[in-house]
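So you can see what is in the structure, the chains are spelled out below.
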Amino acid sequence: MRRGAEFLGTEHAIMAGAMSWVSERHLVSAISNAGGFGVIACGAMTPELLDAEIAATQAMTDKPFGVNLITMHPALSELIDVCSRHKVGHVVLAGGLPPTGSIDRIKGSGAKLLCFAPALALAKKLIRSGVDALVIEGMEAGGHIGPVSTSVLAQEMLPTIAEQVPVFIAGGIGRGEAIAGYLEMGAAGVQLGTRFVCANECIAHPNFKKAFIRASARDATASVQIDPRLPVIPVRALKNAGGESFTAKQREVAKLLDEGKVEMAEAQLQIEHYWAGALRRAVIDGDVEHGSVMAGQSVGMVTREEPVTDIIATLLDEAEAALARR
């Protein structure tokens, strides 16, 4: 974990997953102040909103934190400029291969670049492209997911790439014993999202937090793609009426594609905007029935609301105890 901590500039190599509407100034600064690594979820923010969010976070912590940018965001170039102006030390790119020039521009600003690698071939390509670190996230995670489990990805990829760049493991991690296991396999650290949602410092609506505390692992299900022509990345969330609404949204967008009223890029953007709106309804407004309650399968291990410092201390105690038993 020392390697990961040195890379992040933190006391502990525990990254917080970037969750739209959840990973904002309060939670991000609290995690960084507690020795972890908070990450602002830019999501669908405009450059102006991201500018304000970074400034507000910097006012709440003098510790390192990162910014997560989505590669398909139409204003990605301007968002990179915002991060550069604020001298953000780490940028996390998610949502596919980085567009041409984005890697050089991010690294040229002095920031370290982390990217998600859902397959070994992509990981190798990203390393050749010059990324500084990788996040391997399995299908147990909340939000957008791939088709392979965390444990399988870790076994396949860590032996090949862990010596080349720091690798952080994500998806389904809820206890320190799992952290210890991945560190032993060669990971430099871990990323957790679901575990931090019920932190006292998280601004999520009380209804959202209650839904997490009541849920079990099997309640966090993946969305279904109904039209093979529409490449929709599955999303893991708690079962509710909002999931049925997403099926209807897919049909609506597929019909627009059929009629030639939208291009594929616009169709995908409409899907992303749907998720942003549905997630806001749940996180901010508390509509956990019709909004999207994105959660990983580790949600069953979230049993109460507690301070970020307690969450991180518990994870570290569990990891240390597990290693001591080896």
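Above: the structure in question.
Residues numbered from 1 in each chain as written. Predicted model: local features only at pLDDT ≥ 70, side-chain atom pairs only at ≥ 80, totals over all residues. Heavy atoms only, no water.

1. Overview of the overall build of the protein chain
A tally of regular secondary structure across the protein chain gives 12 helices and 11 strands. For 326 residues, the compact-globule estimate of 2.2 N^0.38 gives 20 Å, and the protein chain sits close to it at 19 Å. With respect to the three principal axes, the spread of C-alpha positions in the protein chain is 60 × 45 × 40 Å. Each of the 326 residues in the protein chain was classed as buried or not, and the buried ones make up 53%. For the protein chain, the proportion of contacts with a sequence separation of at least 24, taken over those separated by at least 6, is 64%. Summed over its atoms, the accessible surface of the protein chain is roughly 13,900 Å², and 53% of this surface lies on carbon and sulfur atoms. (Helix = DSSP H or I, 4+ residues; strand = E, 2+ residues; numbered from the N terminus. Rg over C-alpha atoms; globule rule 2.2 N^0.38 Å. Buried < 20%, exposed > 50% of the residue type's maximum accessible area, 1.4 Å probe, protein only. Contact = heavy atoms within 4.5 Å. Areas by Shrake-Rupley, 256 points an atom, 1.4 Å probe, with all protein chains shown as cover.)

2. Notes on the packing of helix H3 (residues 47-60) against helix H4 (residues 76-85)
Where H3 meets H4, the closest approach of the two axes is 9 Å, and the angle between their N-to-C directions is 20°. One element, H3, and the other, H4, form an angle in the roughly parallel class. Judged by the sense of rotation from one axis to the other, the crossing of H3 with H4 is right-handed. Contacts between H3 and H4 involve Pro47, Leu50, Asp51 and Ile54 from the first element and Glu78, Leu79, Val82, Cys83 and Arg85 from the second. For the contact of H3 with H4, the per-class residue count stands at six nonpolar, no polar and three charged. (Axes fitted to C-alpha atoms, helices over the stretch in contact; angles between N-to-C directions. Parallel < 35°, antiparallel > 145°, perpendicular 65-115°, else oblique. Left-handed = near helix turned anticlockwise from the far one by under 90°. Nonpolar A, V, L, I, M, F, W, Y, C, P; charged D, E, K, R; others polar.)

3. Side note on the pattern of salt bridges
This structure, assessed with the given rule, holds 14 salt bridges. The shortest N-O distance in the salt bridge between Arg25 and Glu53 comes to 3.0 Å. Residue Arg25 is found in helix H2 (residues 25-33), and its partner Glu53 is found in helix H3; the two are separated by 28 residues along the sequence. Its salt-bridge partner being Lys261, residue Glu259 comes within 3.1 Å of it at the nearest N-O pair. Take Glu259: its relative accessible area is 36%, and that puts it in the partly exposed class. Using a relative accessible area of 60% as the deciding quantity, one classes Lys261 as exposed. In the salt-bridge network here, residues are joined through shared partners; they are Arg175, Glu177 and Glu318. (Salt bridge = Lys/Arg side-chain N within 4 Å of Asp/Glu carboxyl O.)

4. A word on the nonpolar core
One finds Leu50, Leu69 and Leu134 to be the most contacted residues of the largest nonpolar core, which totals 92 residues. One finds Ala13, Met15, Phe116 and Phe168 within the second-largest nonpolar core, a separate group that totals 15 residues. (Core = buried A, V, L, I, M, F, W, Y, C linked by side-chain atoms within 4.5 Å.)

5. Here's the deal with the sheet that holds strand E7 (residues 143-144)
Reading across from one edge, E7-E11-E10 is the order of the three strands in this open sheet, with antiparallel pairing throughout. Both outer strands of the open sheet, E7 and strand E10 (220-222), are each paired with one neighbouring strand and no more. (Pairing = 2+ DSSP bridges.)

6. Some thoughts on the side chain of Glu318
Relative to the helices and strands, Glu318 is located in helix H12 (residues 308-325). Since its relative accessible area comes to 15%, Glu318 is described here as buried. Not counting the four nearest positions on each side in its chain, Glu318 is found in contact with Arg175, Gly176 and Glu177.

7. Considering the pairing of strand E8 (residues 167-170)
Of the two faces of E8, the one holding Val167 and Ile169 and the one holding Phe168 and Ala170 are both buried throughout. For strand E6 (residues 133-137) and E8, the ladder comprises four bridges, and the chain directions are parallel. Looking at E8, one finds that Val135 is bridged to Phe168. Sheet topology places E8 next to strand E9 (residues 189-192); three bridges connect them, and they run parallel. Across the sheet, Ala170 pairs through a bridge with Gln191, a residue of E9. Crossover handedness for the path E8 to helix H8 (residues 176-184) to E9: right-handed. (Right-handed = clockwise from strand over helix to strand, strands pointing away.)

8. Overview of the environment of Arg218
If you trace the backbone, Arg218 turns up in the loop between helix H9 (206-214) and E10. Between the C-alpha atom of Arg218 and that of Gly143, which follows or precedes it by 75 residues, the distance is 15 Å.

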